Amino acid sequence: MGVLIVGSVALDSVRTPFGEVEEVLGGSATYGSIAASYFTDVDLVAVVGEDFPEPHREFLRRRNINVDGLVTKPGRTFRWKGEYGFQLNEAKTLRTELNVLETFQPTLPASYRQAEVVFLANIDPELQLHVLRQVERPRLVAADTMNFWIDGKREALLRVLKEIDLLMINDGEARSLAKEVNLVKAAQWILGCGPKGLIIKRGEYGAMMFNAHRVFIAPAYPLESVFDPTGAGDSFAGGLLGYLAQSDDLSDATLRRAVIYGSAMASFAVEAFSVDRLKDVTEEALQTRVREFKAMTAFEEIVP
Ligand code: AMP
């Protein structure tokens, strides 16, 4: 199975306590696609403006990402400016310039319509629905969102929740979506809106996966070198869905393993600005990190 990913392709300007970059490659679909591309074929759906640097598109193509659905429209590429304080878990958005994203209404290339795994990455929920309606028979639909849409397009977002299998959001977003401080209650409320599964991402504290009966908890990889958290959530989702698609199995056990692969991809994403670390992760580095996760969480049998 391959993965279809719709989301933003962006030029990001980011400041962290460790440095600052201007107009670097970013966007929810960018991080998601790169992470997923380590596992499976990726069909990318997004829009950029005429100012989008050609080397970025070339780079995505070289990573074997299908960019037939990456459309160029007259105007400027989507831009996001954010900042992190020493509390690296939550970005403070300084500016969101939708630009060409504002009027994007993609028609999916014919080959994309058969997609079995679909990731509606962080983007306007109306656009998420528009894309989903064009996919013929998806087996798994996952979505992400952020406060910008929770506050600005709540009704459309609630419609998205009715049509998806898995929602992946961070803890602050879960609380504001459910209007509930307690995370367990917030999770129950969200599951009541439609999705069969919910993953709450908690930055350096890891991720919690809920369904109606169970919760699975994975830590984040304890890194010494967190540099820029931008894209962690999208890389997590891309890695998770890529792994699921590659496994061709949606059982609970595979889903749990997929959470670990997603966490491993997120840990690479945060080690450098933009996609600088995520862009070349070797199979060996990935497997080493997954083994470390296993050793870190074992308590009944100690993994050597
Ligand atoms: P993450 O850190 O995984 O939550 O996602 C960061 C990425 O989301 C950045 O690269 C931004 O370009 C992108 N982004 C920020 N705000 C929005 C928005 N309102 N819609 C779509 N993408 C966004």
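Bear in mind that the values here come from a model prediction, so they are computed numbers and not experimental data.

S.K.: What is the right way to look at the overall build of the protein in this model?
M.R.: Counting its secondary structure elements, the protein contains 10 helices and 13 strands. Scaling as 2.2 N^0.38, a compact globule of 304 residues should have a C-alpha radius of gyration of about 19 Å, and the protein matches this with 18 Å. For the protein, the spread of C-alpha atoms along the principal axes amounts to about 60 × 40 × 35 Å. Burial status across the protein gives 55% buried among its 304 residues. Of the contacts made within the protein by residues no fewer than 6 positions apart, 64% connect residues no fewer than 24 positions apart. In the structure as shown, the protein presents an accessible area of about 13600 Å², 50% of it carried by carbon and sulfur atoms. With 33 positive and 42 negative side-chain charges, the protein shows a separation of 4 Å between the mean positions of the two kinds.

S.K.: It is not clear to me how the environment of Ser235 should be interpreted in this structure. Could you clarify?
M.R.: With respect to the helices and strands, the residue Ser235 is situated in helix α8 (residues 232-247). For the pair Ser235 and Ser33, spaced 202 residues apart in sequence, the C-alpha separation works out to 7.9 Å. The contact partners of Ser235, leaving out residues within four places of it in the chain, are Tyr31, Ala35, Gly262, Met265, Ala266, Ala269 and Leu278.

S.K.: What is the right way to look at the environment of Ser225 in this model?
M.R.: For Ser225, the location among the structural elements is in the loop between β13 (215-218) and α8. On the basis of relative accessibility, which here comes to 33%, the residue Ser225 falls in the partly exposed class. Between the alpha carbons of Ser225 and Val270 there is a distance of 8.1 Å; along the sequence they are 45 residues apart. Setting aside anything within four residues of it in sequence, one finds Ser225 in contact with Val270 and Glu271.

S.K.: Honestly, the sheet that holds strand β3 (residues 19-26) in this entry has me stumped. Any pointers?
M.R.: Note: strands within a sheet are paired through backbone hydrogen bonds, in either parallel or antiparallel orientation. In spatial order, the strands read β3-β2-β6-β7; together these 4 strands make up an open sheet with mixed pairing. Lying at the two open borders of the sheet, with one neighbouring strand each, are β3 and β7 (92-97). On average, each strand axis in the sheet is tilted by 15° relative to the strand beside it, whichever way the strands run. In terms of strand pairing, strand β6 (residues 79-83) meets β7 through 5 bridges, oriented antiparallel. By the bridge assignment, Arg79 is partnered in β7 with Glu97.

S.K.: Explain the pattern of salt bridges here, please?
M.R.: A side chain with one charge can pair with a side chain of the opposite charge if their charged atoms come near. Inspection of every chain in the model, using the stated rule, returns 19 salt bridges. Asp124 is the partner of Lys153 in a salt bridge, and the nearest nitrogen-oxygen pair spans 2.8 Å. Here Asp124 lies in the loop between β8 (117-120) and α3 (125-132) and Lys153 lies in the loop between α4 (147-152) and α5 (154-163), a separation of 29 residues in the sequence. What makes Asp124 buried here is its relative accessible area of 18%.

S.K.: What exactly am I supposed to notice about the packing of aromatic side chains here?
M.R.: Each pair of aromatic rings is reported with the distance of its centres and the angle of its planes. Tallying each qualifying case throughout the model produces 7 aromatic pairs. Each ring, one from Phe227 and one from Phe273, has its centre 5.0 Å from the other, and the planes form 85°; the classification is edge-to-face. Taken as a pair, Phe227 in the loop between β13 and α8 and Phe273 in the loop between α9 (252-269) and α10 (283-297) lie far apart in primary sequence, 46 residues in all. Accessibility expressed as a relative area gives 10% for Phe273, which makes it buried. Judged by centre distance (4.2 Å) and plane angle (10°), the rings of Tyr243 and Tyr261 are stacked. In this pair, Tyr243 sits in helix α8 while Tyr261 sits in helix α9, placing the two residues 18 residues apart along the sequence. Each member of the pair, Tyr243 as well as Tyr261, is classed as buried. By way of ring pairs, the aromatic residues Phe18, Phe227 and Phe273 are connected into one cluster. One residue, Arg63, lies across the ring of Tyr38, its end atom 3.9 Å from the ring centre.

Parameters and conventions
Residues numbered from 1 in each chain as written. Predicted model: local features only at pLDDT ≥ 70, side-chain atom pairs only at ≥ 80, totals over all residues. Heavy atoms only, no water. Helix = DSSP H or I, 4+ residues; strand = E, 2+ residues; numbered from the N terminus. Rg over C-alpha atoms; globule rule 2.2 N^0.38 Å. Buried < 20%, exposed > 50% of the residue type's maximum accessible area, 1.4 Å probe, protein only. Contact = heavy atoms within 4.5 Å. Areas by Shrake-Rupley, 256 points an atom, 1.4 Å probe, with all protein chains shown as cover. Lys, Arg positive; Asp, Glu negative; His and termini not counted. Charge placed at Lys NZ, Arg CZ, Asp CG, Glu CD. Pairing = 2+ DSSP bridges. Axes fitted to C-alpha atoms, helices over the stretch in contact; angles between N-to-C directions. Salt bridge = Lys/Arg side-chain N within 4 Å of Asp/Glu carboxyl O. Phe/Tyr/Trp six-rings, centres within 6.5 Å; stacked < 30°, edge-to-face > 60°. Lys NZ or Arg CZ within 6 Å of the ring centre and 35° of its normal.

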